[in-house]
Amino acid sequence: MNEKYLPLAATIVVFVALFAIGGILYNNFVSTLVFGDLLADNAFVIIAAIGTTFVIISGGIDLSIGSMIGFVGVVMANLDVVGWHPLVSGGMMLVFGLVYGALVGLVIDFCDIQPFIVTLAGLFLLRGSCFMINLDAVPIRHDFVQDFAAASIPLPGEGELHSSAIVMLIALAAAIFIGHFTRFGANIYAIGGDRTSAALMGVPMRRTMMGIYAMGGFYSALGGVIYALYTSSGYPLAGTGNELTAIASVVLGGTLLTGGVGLVAGTLFGGLIFGLIATLINFNGSLNGAWIMIVGGVLLFLFIVLQRFLVGSFRLRSAA
Amino acid sequence: GFSQVGDEGDWRPAWSKDMQEEAKKEGIDLKYADAQGKEEEQIKAVRAFIAQKVDAIIIAPVVVTGWDAVLDEAKKAGIPVFLADRDVDVKDKSLFVTRISADFNLEGRLAGAWTAQATKGQANVVEEQGTVGAAPAIERKKGFEAVTANFPDIKIVKTQSGDFTTDGGKKVMEAFIKSTDNLKGINVSFAHNDNMQLGAIQAMKEAGLKPGHDVLMVSVDYVPAMKEALAAGDANASVELRSAIGKYIYPVVLQYLKDKKELPKWVKIPSDLHTAATPLD
Amino acid sequence: MSQAQTTSTRSSSLGATLGAIGRHRVVWPLAALALLFIVDFIISPSFFNIRIVEGRLFGSLIDIPYRAAPTALVALGMAVVIGTKGIDLSVGSIVAIGGAVITWRIHAGDPHLLILFIALAVGLLCGLWNGFLVAALDIQPIIATLILMVSGRGIGLMINLLYGGTDPSFTSPLLQGLSTGHIGYIPTRLLVFVFIFALLWTLLRRTALGLFLESVGGNTAAAYLTGINARMVIFSAYVISGLMASSAGVILTADTHTSDPISVALNIELDAILAVVIGGASLGGGRIYLGMTILGALVIQSLTTTILTSGMPPEYNLVVKAVVVVVVLLLQSSNFRSLTLSILARRKR
Amino acid sequence: MTETATARIEMRGVSKIFPGVRALDHVDLRLEAGEVHALMGENGAGKSTLIKVLTGAVRRDEGEIQLDGKVVEIGTPGEARALGIGTVYQEVNLIPTMSVTKNLTLTRQPRKFGMVNWREAREVAKARLKRLNINIDVERPLGSYSVAIQQLVAIARALDDDTRALVLDEPTASLDANETAMLFNIIRDLKARGLAIVFITHFIDQVYQISDRVSVLRNGRLVGTGKIADTPPLKLISMMIGRELEKTALRLVGNAKTSDAPVVLEAEGLGKRVTMQPFNLKLRAGEAVGLSGLLGSGRTEVAKLIFGALKPDTGRLELGGAPMHGSSPGASVRAGIAFCPEDRKAEGVVGELTVRENIVLALQSKRGWLNRLSRSEQERLAAEMIKALGIATPDAEKPVGQLSGGNQQKVILARSLVAGPRVLILDEPTRGIDVGAHAEIVTLIRKLCGQGLALLVASSELDELVAVSDRVAVLRDRQMIGEISGADITRDNIVHMIAGAKS
Ligand SMILES: Nc1ncnc2c1ncn2[C@@H]1O[C@H](COP(=O)(O)OP(=O)(O)OP(=O)(O)O)[C@@H](O)[C@H]1O
Ligand SMILES: Nc1ncnc2c1ncn2[C@@H]1O[C@H](COP(=O)(O)OP(=O)(O)OP(=O)(O)O)[C@@H](O)[C@H]1O
Ligand SMILES: [Mg+2]
Ligand SMILES: [Mg+2]
């Protein structure tokens, strides 16, 4: 097996093992219902995380994901009040995400400021803008929201593939295409592998950096749209802390934070593992807040160690 | 299944604990899920309850909006839903059975009424808000303002967010002290929860002011530390938000599961105002 | 890293002189600080007054370092970790655990001096754990420290339960003295800070540890080949960060004399990282600027103080913070400066 | 070669100032189509900067560039590439984490329906490498190959079909004689096809082998341009260094007989599965042992196994008669072994640290973290080394990453010397070092040997090995196949031994 697929394989193994453990511990766990819910419930974070995967592969980071999710929802809800169709306002927010991201990329490249800080400022700015728009949670009442929630493809068993999961899978496919079958995608990996060299090899830095963050912005805005439809509301505190979940999903999916190495597909499973941890804790149903945090940390630790161990042993096997 | 908001402050953990203990007493098998203050976690939890086919679901919603879809799923699965604490904003009120809770708005109003009464309608108030955008912060502020609006001489001169924390309350009060030249002309400090008020008390003491004396201190929650502060005269009033409300909630749920009788959409749990004169009950 | 300065621009002669001044690291954070002070002065003309209240100095100029001290401590530890190309997200959790342990031991009746050391030992232990994950298991720092970040506050809550947890407040003349007391006219906390800073500075700059940390952060493979035990060096960085976080924890916990694991030191890791970056260090590692980090922490605290005293509605806090951060960063960027200069020059013509 | 009215490339009055350094001072350079133009100069003379200006990697302060008579604005390397200027930069500037295919085709991948056609890209990559006689798995990450292979890949990358001018910055520094010969054949071929070729090197004889004209830079200024046929080597060298080269220290013969000196280091059956077959090696005090072999024969591995940077799984190592316990660079450094790695960018310099800090690093690591060298001591050592090795830097506080390539190499050497080792292991020690410095370093090495230092030198430069070694150990296919000592050490003998069993 090609070296670069090892972390992905390890992540998938960990995910399957975790699912199996859930099945052993709890009734009704291994079912398409749980699986369908898992995909749908985590769709918005995973979508945002997919965009972040590119940012991280390029050696950067995006901390404004959570705020973007909140901001998109708040704007959509307020536009709903004045009668906009969610698809229109959602589409507008996607464009906003794209433009906003491009601007962030421009600042990072032109002013040579570290992505961590620029996007941290973005986090404050977008969240602060939510508060300035309004403080209350605003419902989105348009019928489309219900139609969207109802749309689904039935899975064998009781489960169904919800619309948000479908959007996520399409977004993933698009990302895989961009990452692996375009010149732009290859340029992203090059910048992450060695920025100076990439510039010397003729990678158009400004354009590519803007493209990378524009994608990041687009995907987190899409995550925000899905979240808004999913909760049929805009809430200024929505998405708080999601940036860490998204980044952790990316890393758990085998992408290196130092850049240059990683696969978008890994992010899907990284995100699902996080979702699965939450589901397991919910199924257990006797943990209070303190235990949830502790168990969450312990599980995270176990998966990382297991994943490392698997990658190591795969590597040995392929070397032998 | 019981889906709690999170563990912030002193009040919620106490409530969660009470819910779990009361459930044991009543012989209920309670699945407890803590959403850590996040709506999406809560929706996940409710979905997990549905997948596990529980008999009833109690939700203390993080946010009022966004419940239509998931409550619809619960309804389809034939699981009745009860709300505790906050309300939800759904089109179809039949999606949940009833709401059993206190009223944030009322708490704010009680605090406002107390302020009006204690100051005879003349006060300059500094306000320590809760987390920006959080429902209790919004509602308590609205409630307080709804009452004080009737008194033209009650003015909120400074307001800042202390994030519902002691530390935040202390920092905000320090800033107030500085920007108002040692709280000159300030009569009342209204905090959206006790933790912030306790922080504010510390800040005032450190600046050489006498809380409860120079400035009247009113807040919400009535946690144990506040009882002491009231007893010591450092604070003047706190609106109780009962945490031992399992005994109010479970009977309603069990009754409904038995006879499926329609209930009014809001079963209120009373809030009490405790003042320095009546600190220990 | 910057072998080729791909983006350097031709500078005008004015730009060149300004650039020469601007190149000095310390200038732009100082400019930002000065700017904030000017704004403060406009908002409240009494900003610079220092009075003596109840036998100690009182006023914004004292209050800013006073409030910045805990963040600055955490940021110093963070600077060390960032110097090794790492990051420590768990500092807030370490503060929370430390606070819970202090309260627990006080309720258990331990001597308070002992508790001080126990609290530091807790930080040490947390640092050891993070260091173990990063250095021994080779887990990426952001994920390794995320583990403690996620679970630490839960651990704090569990410790609170050890003594019932209903009343997590305490009184301790020793600890509170360290935090909110004053010696002579000067707040004790500032003296404590200076003491710890001196210790850290000595540890880094009077031994070769600082050089080792920076070389490992700059090029791990090269450092390893000169015989430096890269693992141990990385390990030590997390231990230092843990200790710094727990000493900040002592100050923060004693400040409110309660244990509030959920919300104490919330987002302190972000402020600490911000301080390090405003101080001119790169998250790519390789350099540790201790003094500059303190300056960064002061900038952030002045900003917070300005916002709190300004009387602005709290809804605007974050946006203002964002704008100020962006302005500070743009000032530090030479490209941006020359762009604005050239635009200004064109206007004039 | 014919001088036409319009040159392929003409650079006029190019200047560049870095903080504290005038790297280029009104330099003119004229490149004709179909010529190989050598660019010579001491370390730090400004050669790399000049070509970086040409390719848009460094923004110039003054001057203009013409391509085929038209003034062009080249703002980025991408634009230079699009204009048909192919470049191999001095440090192997490719992406180690990406596969060889991706490196070779980056920004110019073949596409089908807007989609990158990886299958075709693979074929293109293979074909390009084949022209250079390399046959490797193009799907593996580039970083898993040796520096030499990476260098060849970089050259292959610069040779696109539409290339009009080719810039090679020290392409032969890490190539052995065979690859160099092969590269020269390709260059001649390209020249015949009318390309203008800039060739930077520190190997004087290579200049005479391949180039038509030569330009010499000194301290950022153009000293002169001329036909190579009219420029004898001694004149060239004195142009470069601005004075006569006092002693032609290049060929140091008369190797000292030291076979009765005590054995300082002894490896017995040291080896590592897959990487290197077990070998025996003895180093005596005052002796210099060379390691020779083709690229990939395992020279670097031998050096790293002895130093402990690679963990051996068989055999043992004795230092001064006492067995070494455990193998790690740390233990080796403390025991008195120092190592200069071949890949200066990845394993050598710490770019952010200053020259001073880089120089004292190994000594400091030997003394341990508690026993810090005082600042004045550090400054003294740095100043001493800057002087001894002629490191061109405005001062000791400049970040090493901003020095020219050759000067970085000297800093690494200085670092090992300062540590005062008993055994010094040098892997490609003179890669990219100019003639003057080269001679000085060789003299220095001999002097150190005279003081009882045992030296192990891995090098692809046979002349260098012949010049410095008392013995040469020859490697082939990760196996030590024999030793040559004393007067038998000649180019021919080594080449024969390497080739010997092969035929
Ligand atoms: N990015 C940079 N920042 C500051 N100074 C630089 C930078 N790049 C090069 N220099 C300086 O410019 C001068 C010329 O360097 P250059 O790399 O062109 O030398 P060179 O002739 O290629 O030397 P070598 O033979 O060692 O490769 C040196 O003094 C170097 O220190
Ligand atoms: N001609 C070749 N074809 C394929 N792979 C090669 C070739 N030459 C070298 N390699 C690969 O290059 C890698 C590095 O080899 P090694 O480090 O042993 O080289 P070396 O003997 O030290 O030579 P040098 O240091 O001069 O490059 C090995 O992984 C080897 O497989
Ligand atoms: Mg050069
Ligand atoms: Mg080698």
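First, a word on scope: everything that follows refers to the structure included in this document. (Residues numbered from 1 in each chain as written. Chains lettered and ligands numbered in written order. Predicted model: local features only at pLDDT ≥ 70, side-chain atom pairs only at ≥ 80, totals over all residues. Heavy atoms only, no water.)

Here's the deal with the overall build of chain B
What counts is decided by this rule: For the purposes of this entry, the term helix denotes a DSSP run of H or I that reaches at least four residues, the term strand denotes a run of E that reaches at least two, and both are numbered from the N terminus. Radius of gyration here is computed from C-alpha atoms only, and the compact-globule reference equals 2.2 Å multiplied by the residue count raised to the power 0.38. Only protein chains enter the calculation, and the probe is 1.4 Å; a residue is then buried if its accessible area is under 20% of its type maximum, exposed if over 50%, and partly exposed in between. In this description, accessible areas are obtained by the Shrake-Rupley approach with a 1.4 Å probe, and a residue is regarded as covered only by the protein chains that are shown.
For chain B, the helix and strand inventory stands at 9 helices and 12 strands. Against the 2.2 N^0.38 benchmark of 19 Å for 281 residues, chain B shows a C-alpha radius of gyration of 20 Å, consistent with a compact globule. Looking at chain B residue by residue over its 281 residues, the buried ones come to 63%. As displayed, chain B offers around 9,900 Å² of accessible surface, 52% of which is attributable to carbon and sulfur atoms.

A few points about the coordination of the magnesium ion (ligand 4)
Ideal values differ by geometry: the angle at a metal is 109.5 degrees with four tetrahedral donors, but 90 or 180 degrees with six octahedral donors. Residue and element names in this part refer to chain D. Inclusion rule: Donors, by definition, are the N, O and S atoms found within 2.8 Å of a metal, the threshold being 3.2 Å for Na, K and Ca, and water is not counted, so a site can look incomplete.
Within the protein, T300 (OG1), E342 (OE) and E342 (OE) serve as the donor atoms for the magnesium ion (ligand 4), at 1.8 to 2.8 Å. Of this pair, T300 sits in helix 9 (residues 299–307) while E342 sits in the loop between strand 18 (337–340) and helix 11 (344–348), and the two are 42 residues apart along the sequence. Accessibility classification places T300 together with E342 in one group, the buried group.

Notes on the arrangement of the chains
The test is simple: Only heavy atoms matter for contacts: two residues are in contact if any of them lie within 4.5 Å across the pair.
Contacts are most numerous between chains A and C, taken over all 5 pairs of chains that touch. In this assembly chain B lies apart from chain D, the nearest approach of their C-alpha atoms being 37 Å.

Let's talk about the site of ligand 2
All names here are of chain D. Definition in use: Proximity criterion: a residue is near a molecule or strand once any of its heavy atoms comes within 4 Å of it. In protein, a polar contact requires one atom able to donate a hydrogen and another able to accept it; more generally it is a pair of N or O atoms within 3.5 Å, and residues adjacent in sequence count only if both atoms are side-chain atoms. Any residue that is not Ala, Val, Leu, Ile, Met, Phe, Trp, Tyr, Cys, Pro, Asp, Glu, Lys or Arg is counted as polar, Gly included; the first ten are nonpolar and the last four charged.
The environment of ligand 2 is made up of 16 residues, and the closest members are G298, R299, T300, E301 and E342. One nitrogen or oxygen atom from the main chain of S297 is found 3.0 Å from an oxygen atom belonging to ligand 2. E342 is positioned such that a nitrogen or oxygen atom in its side chain is 2.8 Å from an oxygen atom of ligand 2. When ligand 2 is considered free in solution it has 640 Å² of accessible area, and contact with the protein chains removes 76% of it. Broken down by secondary-structure element, the contributors of at least two residues to the shell around ligand 2 are helix 5 (147–158) and helix 9. The leading source of residues in the shell around ligand 2 is helix 9, at 3 residues. Within the shell around ligand 2, the residues separate by chemical class into 5 nonpolar, 6 polar and 5 charged.

Section: the packing of aromatic side chains
Residue and element names in this part refer to chain A. Which entries qualify depends on this criterion: Ring pairs are drawn from Phe, Tyr and Trp, using the six-membered ring of Trp, whenever the two centres fall within 6.5 Å, and their geometry is named by plane angle: stacked under 30 degrees, edge-to-face over 60, tilted for the rest.
Following the criterion strictly, the structure yields 20 aromatic pairs over all chains and no others. With a centroid separation of 5.8 Å and an interplanar angle of 65°, the aromatic rings of F15 and F269 are classed as edge-to-face. Within this pair, whereas F15 is found in helix 1 (residues 6–25), its partner F269 is found in helix 12 (residues 264–284), the two being separated by 254 residues in sequence. The class for F15 is buried, based on a relative accessible area of 6%. Between F144 and F148, the aromatic rings sit 6.0 Å apart at their centres with planes inclined by 35°, giving tilted as the arrangement. Remark: F148 and F144 occur in helix 6 (residues 143–150); sequence separation between them is 4 residues, near one turn of the helix. By way of ring pairs, the aromatic residues F15, F19, Y26, F29, F35 and F269 are connected into one cluster.

Side note on the interface of chain A and chain C
In many reports, interface size means the accessible area that the parts give up when they come together. Using the following cut-off: Summed over both partners, the accessible area (1.4 Å probe) lost when two parts come together is defined as the buried area. Definition used for salt bridges: Asp or Glu carboxyl oxygen within 4 Å of a side-chain nitrogen of Lys or Arg.
Between chain A and chain C, the contact holds 40 residues from the first and 47 residues from the second. Both faces combined, the contact of chain A with chain C buries some 3,800 Å², and carbon together with sulfur accounts for 83% of it. Our count for the chain A to chain C interface comes out at 0 salt bridges. Linking chain A to chain C there are 4 residue pairs in polar contact (both at pLDDT 80 or more). Listed by contribution, the elements that provide at least two residues to the side of chain A that touches chain C are helix 4 (86–111), helix 5 (115–133), helix 9 (195–200), helix 11 (242–252) and helix 13 (289–319) of chain A.

Thoughts on the site of ligand 1
Threshold: As annotated, the domain borders come from an automatic or database domain assignment.
Near ligand 1 there are 24 residues, and of these K47, S48, T49, S404 and G406 of chain D occur at the shortest range. Around ligand 1 the close residues trace back to chains C and D. With respect to ligand 1, the side chain of N43 of chain D contributes an N or O atom lying 2.9 Å from an oxygen atom. Within the side chain of S404 of chain D, one N or O atom sits 2.7 Å away from an oxygen atom of ligand 1. Starting from 640 Å² of accessible surface for ligand 1 in isolation, the protein chains cover 95%. Elements represented by at least two residues in the shell around ligand 1 include exactly strand 2 (21–31), helix 1 (47–54) and helix 14 (405–418) of chain D. A breakdown of the residues in the shell around ligand 1 according to their chemical character gives 5 nonpolar, 15 polar and 4 charged. Mapped onto the domain boundaries, the shell around ligand 1 takes at least three residues apiece from domain 1 (9–241) and domain 3 (341–420) of chain D.

Remarks on the pattern of salt bridges
All names here are of chain D. Tallying each qualifying case throughout the model produces 54 salt bridges over all chains. Of the charged contacts in the structure, one is a salt bridge between R12 and E64, with a shortest N-O distance of 3.4 Å. On the criterion of sequence distance, the pair formed by R12 in strand 1 (residues 9–18) and E64 in strand 4 (residues 62–67) is long-range, its members being 52 residues apart. Two residues, R22 and D25, come together in a salt bridge whose shortest N-O distance is 3.4 Å. By relative accessible area, R22 is classed as partly exposed at 40%. Taking the relative accessible area as the measure of exposure, D25 reaches 14% and is therefore buried.

Some details on the coordination of the magnesium ion (ligand 3)
Residues and elements named next belong to chain D. Surrounding the magnesium ion (ligand 3) are the protein donor atoms S48 (OG) and Q90 (OE1), at 1.9 to 2.0 Å. Of the two residues, S48 sits in helix 1 while Q90 sits in the loop between strand 6 (85–88) and helix 3 (100–105), which places them 42 residues apart along the sequence. Each member of the pair S48 and Q90 is classed as buried.

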